[in-house]
Amino acid sequence: MTLVVLSFITFAVSPLLSLPITLWGVLCDKKYKPYFGLVLALFVGYILYHVEPDITKDLYRYISTMEEFLSYSFSTTIKDIWNNSDPLSYTIMYLVSLIFSPKYIVFIAPIICYPIYLWIISDYTKRKSVNNTTEKFVVISFLVIFAIATTFLGIRYGIAVAVFILALYQDSVRKRPFVGIVLYITSTLLHSSMVLVVMLRALLFVFKNIPWLWYVLVVLSATSVLLMQSLAKNLSNVPFLSTLSDRADVYTQPYAPIGMVYFLSIGISIIATVLLVLFRKYAKDDNKLSTIFHLNLIVFVIGLVNVQNYYLASRYFTIGKILFCITLIPILSGVAKIENSVKRKTVAYVLWFAVIILMILSAPLQINGILDYHYNSLSKSLLINELLIH
């Protein structure tokens, strides 16, 4: 705990100088990993705080909406928020804006996401007595796989995915179904599109004894644009899912962005899917993790069969990559114990290493995108000075 306190103090003096202690804690500390994750979240939030969002980005819309909300009374704003979709996300952003200012909403996603994911990794590795090397590999995978640009600047979807994965973990691994159900509902209040992923989880429960049929039904449904639009239209009658139909129209429109980030994401998802299929024995042997494994595999498959629809595929790739960090724990742990097949061991590590390399290639492109298109009032050199000393 002493190092955690030191990490917070160092951050208060100089965010950049706190990074070595923070990263050491995230990688090596077993007991307080989520607390170090909170300091890392503050570091990331501090960088994003200096973002001047482009008018076409979600962050610009969020800040503008919060500034508008602040001109109305509290009761009027809350009523308006809860009569529309994603009410919990907007309530959190409104409260942060009310207490601090609209620019502080960029801290929300990192502060929620990093501690949740690092707690899950830490808790599961302790439960399975995973060795230190494997745990470090998994944490490194998470740090490079976690998409800063899309997850943090989008805010609503980032925190909704984190809460959904926490629900899945509580439900399937810790065997706390009531907590899981509450968190599943919470995730849909954060972002209405999560209702489709929650339905996947419900279907998996129904077909848990015949998973092959579940895979067939889900893939067939995911390839039917009309079915998805019809489902979203019916669900949009629910107040907090009111915009789901409009989103379905956007998500199912054929579109592929210019640039390498999306194509690298496709490559990561393909390689991760191959790794899951080839080494499924280790993930499926753990009955508690079997549900996460099946859901992990199917969200990658749905993303890949809809790869021409960027908005839809990228959503599923985001969920798949985070779930992959959890599924990776028993896979790497099991592979490390292989004694009679050097070839299988080599294949597993090569595939895992390929995912890491592609993510390392992807990360600078995402970060450069933020720096080049969002830092209008603060130069990159000035940002470094800000990070060194407040």
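Per chain, the residues get numbers from 1 upward, laid out in the order the sequence is written. In keeping with the predicted nature of the model, local features appear solely for residues at pLDDT of at least 70, side-chain atom pairs appear and are counted solely at 80 or more, and the whole-chain, interface and lining totals rest on all residues. Only heavy atoms go into the side-chain values, all of them from the structure, while hydrogens and water stay out.

Colleague: Would you take a moment to explain helix α11 (residues 177–190) for this structure?
Modeller: Residues three or four positions apart in an α-helix share a direction because the helix packs 3.6 residues into each turn. Going along the chain from the N terminus, every DSSP run of H or I of four or more residues is numbered as a helix, and every run of E of two or more is numbered as a strand. Multiplying 1.5 Å by the helix residue count minus one yields the expected span of that helix. Given a rise of 1.5 Å per residue, 14 residues ought to cover 20 Å, and the 20 Å separating the end C-alpha atoms of α11 matches this to within 8%. Those residues of α11 lying buried are Gly180, Leu183, Tyr184, Thr186, Ser187, Thr188, Leu189 and Leu190. The contact criterion used is simple: two residues touch if any of their non-hydrogen atoms lie within 4.5 Å. Along its buried surface, α11 packs onto α5 (74–82), α6 (87–99), α10 (156–172) and α12 (194–206). Type-normalised accessible area, obtained with a 1.4 Å probe on protein chains alone, sets the label of each residue: buried when under 20%, exposed when over 50%, and partly exposed for intermediate values.

Colleague: Hey, could you run me through the packing of α10 against helix α19 (residues 310–336) in this one?
Modeller: The description of two helices packed together rests on the angle between their axes and the distance between the axes. Axis definition: a line fit to C-alpha positions, over the contact stretch in the case of helices; interaxial angles, taken between N-to-C directions, run 0 to 180 degrees. Following both chains from N to C, one finds α10 and α19 inclined at 40 degrees, their axes separated by 11 Å at the closest point. The angle between α10 and α19 places the two elements in the oblique class. Regarding α10 and α19, the two cross each other, and that crossing is right-handed. Every residue of α19 that contacts α10 at Tyr157, Val161, Ile165 and Leu168 is listed here: Arg315, Tyr316, Thr318, Ile319, Ile322, Leu323 and Ile326. Angles are sorted into four bins: roughly parallel if under 35 degrees, roughly antiparallel if over 145, roughly perpendicular if 65 to 115, and oblique for all others. Handedness of a helix crossing follows the sense of rotation of the near helix relative to the far helix, less than a right angle counterclockwise being left-handed and clockwise being right-handed.

Colleague: Is there a simple way to think about empty space enclosed by the protein in this case?
Modeller: One water molecule sets the probe size; rolling that probe over the atoms shows where empty space is left. Here a cavity denotes a set of grid points, spaced 1 Å apart and computed over the protein atoms alone, in which a 1.4 Å probe fits but from which it cannot get out, and a pocket denotes an open set meeting protein on both sides within 12 Å along at least five of seven lines; residues with an atom within 4 Å of a point are reported as lining. Grid points are joined across faces, edges and corners, and a volume is the space filled by probe spheres set on the points. Counted under the stated rule, the structure contains three cavities of 30 Å³ or more. In this model, the largest cavity occupies a volume close to 80 Å³. Around the largest cavity, the lining comprises 10 residues; the ones closest to its centre are Tyr157, Ser193, Leu196, Arg315 and Tyr316. Contributing elements (two or more residues each) for the lining of the largest cavity: α12 and α19. With four residues, α19 is the single largest residue contributor to the lining of the largest cavity.

Colleague: When you look at unusual backbone geometry in this model, what are you seeing that I'm missing?
Modeller: Apart from glycine, the bulk of residues carry a negative phi angle, and the bulk of peptide bonds sit in the trans form. With phi around 55 degrees, aspartate 86 is a residue other than glycine that occupies positive phi space. Position of aspartate 86 relative to the elements: it lies in the loop between α5 and α6. A positive phi angle is found at lysine 175, which is not glycine, with a value near 55 degrees. Summarising the element assignment, lysine 175 is placed in the loop between α10 and α11. The class for lysine 175 is exposed, based on a relative accessible area of 52%.

Colleague: Is there a simple way to explain the confidence of the model for the chain in this structure?
Modeller: Any region with low pLDDT has predicted coordinates that should not be read closely. Taken residue by residue, the chain gives an average pLDDT of 80. The fraction at 70 or more is 75%. Across the chain, the element-wise mean pLDDT spans from 51 in helix α21 (residues 380–388) up to 95 in α6. Across residues 371–382, where pLDDT falls below 50, the model places 24 contacts with residues more than four positions away in sequence or in other chains. Per-residue confidence from the predictor is reported as pLDDT, which spans 0 to 100.

Colleague: Help me understand the nonpolar core in this model?
Modeller: Nonpolar side chains in soluble globular proteins tend to be buried together. We call a set of buried Ala, Val, Leu, Ile, Met, Phe, Trp, Tyr and Cys residues a nonpolar core when their side-chain atoms join them within 4.5 Å. Membership of the largest hydrophobic core comes to 103 residues, with the highest contact counts inside it found for Ile105, Tyr117, Ile165 and Phe324. No other element matches the 15 residues that α19 contributes to this core.

Colleague: How do you make sense of the environment of serine 89 when you look at a structure like this?
Modeller: With respect to the helices and strands, serine 89 occurs in helix α6. What makes serine 89 buried here is its relative accessible area of 1%. Residues serine 89 and serine 187, spaced 98 residues apart in sequence, show a C-alpha to C-alpha distance of 9.3 Å.

Colleague: Even after reading the chapter, I still don't get a nonpolar patch on the surface, so can you show me in this structure?
Modeller: A cluster of nonpolar side chains, contributed by Leu70, Phe74, Leu95, Leu98, Ile99, Phe100 and Tyr104, occupies part of the molecular surface with about 670 Å² of accessible area. Looking at the nonpolar patch element by element, the count peaks at three residues for α6. If you trace the backbone, phenylalanine 74 turns up in helix α5. Patch membership needs two things, relative accessible area over 30% and no salt bridge, and members are linked within 9 Å if like-charged or within 5 Å if nonpolar (Val, Leu, Ile, Met, Phe, Trp, Tyr). Accessible surface area values rest on a Shrake-Rupley calculation with a 1.4 Å probe, where residue burial reflects the displayed protein chains alone. Just to be clear on terms, a salt bridge is a Lys or Arg side-chain nitrogen sitting within 4 Å of an Asp or Glu carboxyl oxygen.

Colleague: What should I look at first to understand the packing of aromatic side chains in this one?
Modeller: Centre-to-centre distance and the angle between the planes together describe a pair of aromatic rings. Stacked, tilted and edge-to-face are the three classes assigned to paired rings of Phe, Tyr and Trp, where Trp is represented by its six-membered ring and a pair needs centres within 6.5 Å; plane angles under 30 degrees give stacked, over 60 edge-to-face, the rest tilted. Counting across every chain of the model gives 17 aromatic pairs. Between phenylalanine 69 and tyrosine 94 the ring centres are 6.2 Å apart and the planes differ by 90 degrees, which places this aromatic pair in the edge-to-face class. Here phenylalanine 69 is found in helix α4 (residues 58–69), whereas its partner tyrosine 94 is found in helix α6, with 25 residues between them in sequence. As far as the burial class goes, phenylalanine 69 and tyrosine 94 line up, both buried. When the ring of tyrosine 104 is compared with that of phenylalanine 107, the centres are 5.8 Å apart and the planes differ by 20 degrees; the resulting orientation is stacked.

Colleague: Explain the environment of leucine 95 here, please?
Modeller: Within the element layout of this structure, leucine 95 appears in helix α6. When the C-alpha atoms of leucine 95 and phenylalanine 74 are compared, they prove to be 9.7 Å apart, with 21 residues separating the residues in sequence.

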